[in-house]
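Summary of the model geometry
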Amino acid sequence: MVAFPQEWALVDVETSGFRSVQHRVLSIAVATVGKDGKAGEEFSTLLDPGCDPGPVHIHGLTADRLKGSPKFGDVAERVAGMLKGRVLVAHNAPFDYGFLAQEFGRAGQSLPVESRLCTLALNRRLAPATSDLKLGTLAAHYGVRMGRAHDAREDVRALAGVLRGSLDEAARLGVRLPLVTCPPKQNGVFRPSAPKVRCAFRCPGSLKDGAPLVQGMKVAITGETGIAREDLVARSVAAGLNAMTSVSRFTSVLVTNDAGSGSAKARKARENGVPVIDERTFLRLLGDVRPGVLHGESGPVIPAPVPKAEVVRPLDGRRVLVLGGTHPKASKARGRVVELGGAAAINLSASVTDVVALDTGDRRMERVVTLELPVHEEVWLEAPERGPVREGTRVLPRGAAVDLPKGGRWTAEVSWVRHSSCEVDVVAFALDEDGQVASDDDFVFYNAAETPDGSVRLVADGPAEQAITVDLDGLPGAVRTVTVAAAIDGAVTFGDLGAIELVVGPDDAESAFVQATLDAGTSERTMLLAEIYRRGDGWRVRVVGQGHEFGLDGLARAFGVDVEDEG
């Protein structure tokens, strides 16, 4: 293995689920590798999580097998010693990093990792000739023996071989390693909270002077109360109210016995014009809470639009990769590709049909020649000849929508230029008629990779950088829209990142259904990419491309996620 100026700590964890804020690590393996590529210390152990071990059919770790094993806190110091001063390496590193960060936090410690390397992300840049980028597939590609899958110790040993092969290939091709500075996640605002009862009713808005409470109203409490806060919350939930632990512009009323309170909730209530009442008034109103409207029971049925005749364009069915050039020049070329009906690819993949070379200095040109792809000059985009059409994929501009032909499971894949050093998180919100989450569980992100029912899930080990899968048939009836978004960590923006590619398709099809390239980012730190929403008896997908300058915490608040405040 080529020598690098880092020491590595290879990690694999088996977990009780996909939500690090809720689920636990069941087993862990750590192996160190020196700068010279030689193996160092190895440590692995089962862990007693003190909870249901989850999908035993996957990891084979039953409660009886885990019983008597150490708690994570018992081995935290040992693991920390192996991680400190080294680059954490994992396959799908955001997953392992997120779970370790949560476990160290529960143990009252900080995860001592300053940077990490994801071998999955690295191999997306290397683009090996493999059917997929799973650990077992890559192990076979690099000539590494693979032990029993979903065994932390066996997986980390296979990971060591994949790392060696990947680093050698990266050095040969001159590929920059996708090292990520840690801790990379947005503001640390998404913390575990107590389980919350999902409110069955739509929020009717703010409490009006002299009016009664209505089921579905969002109620927050701050400061000292005569009755224990837990009891007030329980009474609110029993009455059909939505008990929140934070305040936003969607909050119906704030309950406090100190109208001049300086707590974060009180400040936000004043900033957003949220009504404030005292505990005594709240208890009185709890005695006569009016009926609310259940999710999904109101609103007119909107008929599906009449399909329009499709216009045939020169690049229909073609997937064109623009290489080289300045960002404005490349963006203009990609825009022209879309105007002509083509899909503007941003990474070289097997589906690319044509290449427009704004200059020939891009290192990918070598592989373009090997693949014998047609290479065109910029002038080709003025009037390209119509070529073979790849059926089934629609190229949509920003703001356009199209009906989905069926239900079932659909995937929205999100990709960006792979040599970018930006840390991007793809997230999803399952929203009700008001464009709000009914529960924090409807927010899918790096620390909560799926909804409890599994109908919406974040996938980071597929061919795209990240993806969101949506089971349309499994979504609760209250969910009217699933919004897919992306957020950039730190001070960089979507203008720094460049173009984003969105591909939407059914899981059981070989080709995509919808493709879009969003290439207009400037100073935004979050961007709404797509909406999959109910329309009559069916579903539609819309390309959004709307950016915001606030971070992921601001986006989560806008959709009603209960981002916890102090006070």
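Residues numbered from 1 in each chain as written. Predicted model: local features only at pLDDT ≥ 70, side-chain atom pairs only at ≥ 80, totals over all residues. Heavy atoms only, no water.

As for the packing of helix H8 (residues 229-238) against helix H10 (residues 279-286)
Put simply, the rule is: A fitted line through C-alpha atoms serves as each axis, taken over the contacting stretch for helices, and the angle formed by two N-to-C directions is quoted from 0 to 180°. Strands are runs of DSSP state E lasting at least two residues, helices are runs of H or I lasting at least four, and both sets are numbered from the N terminus onward. An angle below 35 degrees is read as roughly parallel, one above 145 as roughly antiparallel, one from 65 to 115 as roughly perpendicular, and any other as oblique. Working rule for handedness: look at the near helix, and if it is turned counterclockwise from the far one by less than a right angle, call the crossing left-handed; if clockwise, right-handed. It only takes one pair of heavy atoms within 4.5 Å for two residues to be counted as in contact.
The contact between H8 and H10 brings their axes to 11 Å, and the two run at 30 degrees. As judged from the angle between their axes, H8 and H10 are roughly parallel. Classified by chirality, the crossing of H10 by H8 is left-handed. Contacts between H8 and H10 involve Leu232, Arg235 and Ser236 from the first element and Glu279, Phe282, Leu283 and Leu286 from the second.

Structural notes on the packing of helix H3 (residues 72-83) against helix H4 (residues 93-106)
What counts, and what does not: Amino acid classes used here: Ala, Val, Leu, Ile, Met, Phe, Trp, Tyr, Cys and Pro are nonpolar; Asp, Glu, Lys and Arg are charged; the rest, including Gly, are polar.
Axis separation between H3 and H4 bottoms out at 10 Å; the angle between their running directions is 125 degrees. Between H3 and H4, the angle falls in the class oblique. For the pair H3 and H4, the crossing hand works out as left-handed. Residues Phe72, Ala76, Val79, Ala80 and Leu83 of H3 touch H4, and the partners they reach there are Leu100, Glu103 and Phe104. Here the residues of the contact of H3 with H4 are counted per class, giving seven nonpolar, no polar and one charged.

Points about the nonpolar core
To be explicit about the condition: In these notes, a set of buried Ala, Val, Leu, Ile, Met, Phe, Trp, Tyr and Cys residues joined through side-chain atoms within 4.5 Å is what counts as a nonpolar core. Each residue's exposure class comes from its accessible area (1.4 Å probe, protein chains only) as a fraction of the maximum for that residue type: buried when under 20%, exposed when over 50%, partly exposed otherwise.
Ranked by internal contacts, the top residues of the largest apolar core, which has 55 residues, are Trp8, Leu10, Ile28 and Leu83. Broken down by element, the residue count for this core peaks at nine residues, all from helix H7 (residues 152-173). Apart from residues no more than four positions distant in its own chain, Leu83 is found in contact with Ala9, Val11, Val30, Leu88, Phe104, Leu111, Pro112 and Val113.

A word on the sheet that holds strand E25 (residues 526-535)
For clarity, the cut-off: Paired strands, in this sense, are two strands between which DSSP finds at least two bridges.
Strand order in the open sheet made by the six strands is E16-E26-E25-E22-E18-E19, with antiparallel pairing throughout. Edge positions in the sheet fall to strand E16 (401-403) and strand E19 (443-444), since each has one partner strand and no second. Here nine bridges tie E25 to strand E26 (residues 538-548), and the two strands are oriented antiparallel to one another. Bridge pairing in E26 places Leu528 opposite Gln546.

Quick word on helix H9 (residues 264-272)
Every buried residue belonging to H9 is among Ala264, Lys265, Ala266 and Ala269, and all of these are buried. Against strand E7 (218-221), H8, strand E9 (253-255) and strand E10 (276-277) lie the buried residues of H9. Positive phi appears at Gly273, one or two residues downstream of H9, with a value of about 70 degrees.

Considerations on the sheet that holds strand E21 (residues 466-471)
Strand order in the open sheet formed by six strands is E15-E24-E23-E17-E21-E20, and the pairing between neighbours is mixed. Every interior strand has two partners, whereas the edge strands, strand E15 (394-395) and strand E20 (456-459), have only one. With six bridges joining them, strand E17 (residues 409-416) and E21 adopt antiparallel strand pairing. Residue pairing in the sheet places Thr411 in a bridge with Thr469 of E21.

A closer look at the pairing of strand E5 (residues 115-118)
Selection criterion: Handedness of a crossover is defined as follows: with both strands directed away from the viewer, a clockwise route from the first strand across the helix to the second makes it right-handed.
Burial of E5 is two-sided: the residues Ser115 and Leu117 facing one way and the residues Arg116 and Cys118 facing the other way are all buried. When strand E4 (residues 87-90) meets E5, the two strands line up parallel, connected through three bridges. For Val89, the partnering residue across the bridge sits in E5 and is Leu117. At this point the chain moves from E4, through H4, to the parallel E5, and the crossover so formed is right-handed. As paired elements, E5 and strand E6 (residues 179-181) share three bridges and run antiparallel to each other. Paired with Leu117 across the strands is Leu179, a residue of E6.

Considerations on the packing of aromatic side chains
So the rule is basically this: Note on ring pairs: Phe, Tyr and Trp rings are taken, using the six-membered ring of Trp, and paired if centres are within 6.5 Å. Classes follow the plane angle, with under 30 degrees stacked, over 60 edge-to-face and the rest tilted.
Counting across every chain of the model gives eight aromatic pairs. With a centroid separation of 5.2 Å and an interplanar angle of 80 degrees, the aromatic rings of Phe72 and Phe104 are classed as edge-to-face. Of this pair, Phe72 sits in helix H3 while Phe104 is found in helix H4, placing the two residues 32 residues apart along the sequence. Of the two residues, Phe72 and Phe104, both sit in the buried class. Look at Phe429 and Phe443: their rings are 4.8 Å apart centre to centre, the planes differ by 5 degrees, and that puts the pair in the stacked class.

Re the pairing of strand E1 (residues 8-15)
For E1, the buried fraction is high: eight of the eight residues fall into the buried class. A two-sided burial pattern is seen for E1, the buried positions comprising Trp8, Leu10, Asp12 and Glu14 on one face and Ala9, Val11, Val13 and Thr15 on the other. Pairing geometry for E1 and E4, over three bridges, is parallel. Each residue of the ladder has a partner; that of Trp8, found in E4, is Val87. The pairing of E1 with strand E2 (residues 25-33) spans eight bridges and is antiparallel. In the strand pairing of E2, Trp8 is matched with Val33.

Regarding the side chain of Gln466
Selection criterion: Nitrogen and oxygen atoms within 3.5 Å of one another constitute a polar contact, given that in protein one can donate a hydrogen and the other can accept it, and given that sequence-neighbouring residues count only through two side-chain atoms.
Positionally, Gln466 belongs in strand E21. Within the structure, the side chain of Gln466 is placed 3.0 Å from the backbone nitrogen of Val426, a separation counted as a polar contact. What Gln466 contacts, discounting residues up to four positions off in sequence, is Ala412, Glu413, Val414, Trp416, Val424, Asp425, Val426, Leu458 and Val459.

Considering unusual backbone geometry
Backbone geometry places Asn92, a non-glycine residue, at a positive phi of 70 degrees. Relative to the elements of secondary structure, Asn92 occurs in the loop between E4 and H4.

Some words on the pattern of salt bridges
Test applied: For salt bridges, the criterion is a side-chain nitrogen of Lys or Arg within 4 Å of an Asp or Glu carboxyl oxygen.
Applying the stated rule across the entire model yields 20 salt bridges. Among the salt bridges present, the one from Glu7 reaches Arg86, with a minimum N-O distance of 3.2 Å. On the criterion of sequence distance, the pair formed by Glu7 in the segment before E1 and Arg86 in the loop between H3 and E4 is long-range, its members being 79 residues apart. The class of Glu7 is partly exposed, set by a relative accessible area of 31%. A relative accessible area of 21% places Arg86 in the partly exposed class. Residues Arg172 and Glu169 are paired through a salt bridge, measuring 2.9 Å at the closest nitrogen-oxygen approach. Of this pair, Arg172 and Glu169 are both found in helix H7, three residues apart, which corresponds to roughly one turn of the helix. Judged by its relative accessible area of 58%, Arg172 falls in the exposed class. Via salt bridges that share partners, Arg24, Glu103 and Arg106 belong to a single interconnected network.

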